[in-house]
Amino acid sequence: MFKILIMSRGNEENKETRVIDNGGGKLNNQEDKTAPDSRLNISNYNLDISNEEDLKKSWCVTATPSILHFITLIILGTSVWGLMWCAWGDNWKLGGPWFRLAAVAVIGWASGQMLHELTTLPPLLAALLTGIIARHWNILDMREYSDIDIFLRKIYPVIILGKASLGWDVKYMKDNWKLIMSLGILPWAAEVFMLSVLVNLLLDFPWLWGVLLGSIYASVSCAVLMPSVINNNKLAGGKRNWTQLICTAGGIDTALSVGVYGLIYSFMVYDTNDIYRYTKAFLAIFMGIALGVLWGSLAGLVPHSRDFYVTELRILFVLVGGLLGNFITSLIGWGGTGGVAVLACNATAATHWVREGWKLNSNPASTAYRVLWSIFEPILFTYTGTFFVVNTSVSEKRLLLGFGILAVCLIVRLSVTFLVCRNFTLKERIYVCCTWIPKSIVEIKSPIRGSPVHAKMINYE
């Protein structure tokens, strides 16, 4: 009897243990209605508190690096300014000419970062507005710094074109060369031709001036549109490689603008015999391609891939080579050849590097160019904004006529783009037309007012 009671009690204990192990399972209907609900409410309450604490903690963890990043930049910027002041004296004091030059660029960068954080608009808009305000408040006028402006405008194309061509897929270009060439050349040529005709007929510009102005206005801005193309690649629809298509076709468009502008500028400014001028006009772009392919192929051979400093040397090789080529070709009167050479050089070098393990447009060289452009982009657009001047002496009729000419040329450009993409869907056509609207004018070389070059351009017929 005693043994039976012990066994019975043991079974009850085991049963109770099993109930506990099951997490307080269903003992009866009443407990089923109350106990789990009350435990669930407590758990939810604790979970809400935990989530709120995690959110606060995660925000602090996420924000701290950004805060420290900007604090670091402020300290470094202040230190550099102090160094410049100590080294070059009053020109870098508060309100000095060099201080104003640097301060306006920094404000343009900071305002662009704020605009980008608060909206989806690109930072360059705020930088451009900063330059316009600085000009009209008589804080900065880049026409007083013509030498610096000309120097910087020889650097901008090397960074912009070099950054874009490092992402070119040569295999994709071979497979789709007809579409790429048509999209890169035909809209550009149609816009240049239309602008040349209109400014000649309506504004009495010489034909050569019309082509020069057209090459400036028709240049698409890859630096502006590519971030949006990358972000909206999937939304564009279709199975097309939009990033490669827009990047390569836009690079050809920009190369044409840089090459033709440099060619005509050199043709107008440098005194040589006519045979040499026309020979140079015929060979300029081909010479740029040849030089770029040669230097890019050399960049694929040296340094060796097992060199301890291969990353740094490769970056310096293409960057210094591009800068040297652009400066030399401008110096000897082959303007425009350097920009084409930069495109060919970086595309060729990237192709060689891919074979050795570097990913296309995702390698240290691409990162270096992106960092350089993040520095020079606000400088470019801030300083460009200082050239925006409202001239009250110009009649409203002439001003409206100028805007009308630009509008007609843009319509012609987009119409040709729409026709070139005849095999695309309507949505895809509209998408490509939208990407072909942003423009850039970084290839302009502003001659110093009163210089012999300026006189030649003014008096050229």
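Residues numbered from 1 in each chain as written. Predicted model: local features only at pLDDT ≥ 70, side-chain atom pairs only at ≥ 80, totals over all residues. Heavy atoms only, no water.

Caption draft 1: Structural context of the overall build of the protein chain. The helix and strand inventory of the protein chain stands at 17 helices and 0 strands. Within the protein chain, the fraction of its 461 residues that count as buried is 39%. Within the protein chain, residue pairs in contact and separated by at least 24 positions form 76% of the contacts whose partners lie at least 6 positions apart. With the model as given, the accessible surface of the protein chain reaches about 26,800 Å², and the carbon-plus-sulfur share is 68%. (Helix = DSSP H or I, 4+ residues; strand = E, 2+ residues; numbered from the N terminus. Buried < 20%, exposed > 50% of the residue type's maximum accessible area, 1.4 Å probe, protein only. Contact = heavy atoms within 4.5 Å. Areas by Shrake-Rupley, 256 points an atom, 1.4 Å probe, with all protein chains shown as cover.)

Caption draft 2: Up close: the environment of Met114. Here Met114 shows up in helix α3 (residues 97-118). Relative accessible area serves as the criterion here: at 54%, Met114 is assigned to the exposed category. Residues Met114 and Ala126, spaced 12 residues apart in sequence, show a C-alpha to C-alpha distance of 8.7 Å.

Caption draft 3: Region of interest: the layout of surface pockets. In this structure, the second largest pocket spans a volume of roughly 1,400 Å³. Taken together, 32 residues make up the lining of the second largest pocket; nearest its centre are Gly77, Ala102, Ala105, Val106 and Ile379. Elements with a contribution of two residues or more to the lining of the second largest pocket: α2 (29-88), α3, α5 (146-165) and α14 (364-385). Among the elements that take part in the lining of the second largest pocket, α2 stands out by supplying 10 residues, more than any other. Among the residues making up the lining of the second largest pocket, the classes are represented as 27 nonpolar, 5 polar and no charged. (1 Å grid on protein atoms, 1.4 Å probe; cavity = no way out; pocket = protein on both sides within 12 Å on 5 of 7 lines; lining within 4 Å. Points joined across faces, edges and corners; volume = space filled by probe spheres on them. Nonpolar A, V, L, I, M, F, W, Y, C, P; charged D, E, K, R; others polar.)

Caption draft 4: Focus on the packing of helix α11 (residues 274-301) against helix α12 (residues 310-331). With their axes 10 Å apart at the nearest point, α11 and α12 run at an angle of 160 degrees to one another. In terms of orientation, α11 lies roughly antiparallel with respect to α12. When you trace α11 past α12, the crossing you get is right-handed. On α12, the residues touching Trp295, Leu298 and Ala299 of α11 are Phe317, Val318 and Gly321. Considering only residue class, the contact of α11 with α12 consists of 5 nonpolar, 1 polar and no charged. (Axes fitted to C-alpha atoms, helices over the stretch in contact; angles between N-to-C directions. Parallel < 35°, antiparallel > 145°, perpendicular 65-115°, else oblique. Left-handed = near helix turned anticlockwise from the far one by under 90°.)

Caption draft 5: Fine view of a nonpolar patch on the surface. The grouping of Ile67, Leu68, Ile71 and Ile75 at the surface amounts to a nonpolar patch, some 370 Å² of accessible area in total. Secondary-structure assignment places Ile71 in helix α2. When its relative accessible area of 40% is taken as the criterion, Ile71 is described as partly exposed. (Patch = residues over 30% accessible without salt bridge, like charges linked within 9 Å, V, L, I, M, F, W, Y side chains within 5 Å. Salt bridge = Lys/Arg side-chain N within 4 Å of Asp/Glu carboxyl O.)

Caption draft 6: Expanded view of the environment of Thr367. Its location among the elements puts Thr367 in helix α14. By relative accessible area, Thr367 is classed as partly exposed at 40%. Spatially, the C-alpha atom of Thr367 lies 9.7 Å from that of Ile315, the residues being 52 residues apart in sequence.

Caption draft 7: Representation of the packing of aromatic side chains in the model. According to the stated counting rule, one finds 13 aromatic pairs in the structure shown. Between Tyr276 and Trp334, the ring centres sit 6.3 Å apart and the planes meet at 75 degrees, which makes this aromatic pair edge-to-face. One end of the pair, Tyr276, is in helix α11; the other, Trp334, is in the loop between α12 and α13 (337-355), and 58 residues separate them in sequence. Look at Tyr276 and you get partly exposed, because its relative accessible area is 31%. Ring pairs connect the aromatic residues Trp81, Trp85 and Phe99, which therefore count as one cluster. The lysine or arginine in question, Arg240, covers the ring of Phe424, its NZ or CZ lying 3.8 Å from the ring centre. (Phe/Tyr/Trp six-rings, centres within 6.5 Å; stacked < 30°, edge-to-face > 60°. Lys NZ or Arg CZ within 6 Å of the ring centre and 35° of its normal.)

Caption draft 8: Fine view of the nonpolar core. Ranked by internal contacts, the top residues of the largest apolar core, which has 56 residues, are Leu183, Met226, Val229, Trp242, Leu245, Val318 and Trp353. Examining the composition of this core, we find that 15 residues originate from one element, helix α10 (residues 242-269), more than from any other. Those residues in contact with Val318, other than ones at most four positions away along the chain, are Trp295, Ala299, Cys345, Asn346, Ala349, Trp353 and Tyr369. Judged by nonpolar contacts, the second largest core, of 22 residues, contains Leu101, Ala105, Ile160 and Leu380. (Core = buried A, V, L, I, M, F, W, Y, C linked by side-chain atoms within 4.5 Å.)

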